[in-house]
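These are the residues of each chain, in order.
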Amino acid sequence: TRALGSDLEFAVLKELADWPHMLEVSARLLDPSKVTEYVFRVAKAFSSLYTDRDHRIVDIADEDHRNGLLLLAKAVGESIRGALGILGIETVDEM
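Owing to the predicted nature of the structure, the values given are computational and were not obtained by experimental measurement. (Residues numbered from 1 in each chain as written. Predicted model: local features only at pLDDT ≥ 70, side-chain atom pairs only at ≥ 80, totals over all residues. Heavy atoms only, no water.)

1. Let's talk about the environment of L70
Basically, it comes down to this: Under the DSSP-based scheme used, a helix requires at least four consecutive residues in state H or I and a strand at least two consecutive residues in state E, with every element numbered from the N terminus.
In this fold, L70 is placed in helix α4 (residues 63-86). Each C-alpha atom of the pair L70 and I57 lies 7.5 Å from the other, and the pair is 13 residues apart in sequence.

Pasting the structure below:
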């Protein structure tokens, strides 16, 4: 069993891990576009994962892997919500 480990999963984790650095750069340069670039990269990486048929959460039998993907999805949502909040953009919980 595994929680996370594929290249697509690590691509999302790598983008999430870059947040503190991107926030620091954005603040130092007084450049909010760095935050928007971060949001775009995270969303793009997660979209690649989410649309991959080997990563369909509802189809994954391994509970650890499924739970890992659910936690990753939650982390992506929280990261994007926080970044948009810094930009003064409100988000919705449901559509």
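Next comes the rest of the description.
2. A look at the nonpolar core
Rules: We define a nonpolar core as any set of buried Ala, Val, Leu, Ile, Met, Phe, Trp, Tyr and Cys residues linked to one another through side-chain atoms lying within 4.5 Å. Buried means the residue's accessible area, taken with a 1.4 Å probe over protein chains only, is under 20% of the maximum for its type, while exposed means over 50%, and partly exposed covers the values in between. Contacts between residues were defined by any pair of non-hydrogen atoms, one from each residue, lying within 4.5 Å.
Ranked by internal contacts, the top residues of the largest apolar core, which has 18 residues, are V12, L16, Y38 and V76. Among the secondary structure elements, those contributing two or more residues to this core are α1 (7-17), α2 (19-29), α3 (33-50) and α4. Looking at this core, the element that brings in the most residues is α3, giving seven residues. Setting aside its immediate chain neighbours within four residues, Y38 contacts E15, L16, D18, W19, M22, S79 and A83.

3. Here's the deal with the side chain of H65
Locating H65 in the fold gives a position in helix α4. Residues contacting H65, with those up to four places away along its chain left out, are R2, A3, L4, E9, H55 and I60.

4. With respect to the packing of α1 against α3
Going by this rule: The axes are straight lines fitted to the C-alpha atoms, using for helices just the contacting stretch, and the angles between their N-to-C directions are given from 0 to 180°. These descriptions rest on fixed angle ranges, namely under 35 degrees for roughly parallel, over 145 for roughly antiparallel, 65 to 115 for roughly perpendicular, and the rest for oblique. Crossings are sorted by hand: turned counterclockwise from the far helix by less than a right angle, the near helix makes the crossing left-handed, and turned clockwise it makes it right-handed. Each residue gets one label: Ala, Val, Leu, Ile, Met, Phe, Trp, Tyr, Cys and Pro are nonpolar, Asp, Glu, Lys and Arg are charged, and the others, such as Gly, are polar.
One way to put it is that α1 packs onto α3 with a least axis distance of 9 Å and a crossing angle of 165°. The orientation of α1 with respect to α3, classified from their angle, is roughly antiparallel. You can see that α1 and α3 cross each other, and the crossing is left-handed. Contact residues: L8, E9, A11, V12, E15 and L16 in α1; Y38, R41, V42, A45, F46, S48 and L49 in α3. By residue class, the composition of the contact of α1 with α3 is nine nonpolar, one polar and three charged.

5. Overview of the confidence of the model for the protein
Note that predicted coordinates carrying low pLDDT should not be read in detail. For the record, the criterion: One number per residue, pLDDT, summarises how confident the predictor is, and it ranges from 0 to 100.
For the protein, mean pLDDT is 93; residues scoring 70 or higher make up 99% of the total. By mean pLDDT, α4 is the weakest element of the protein at 95, and α3 is the strongest at 97.

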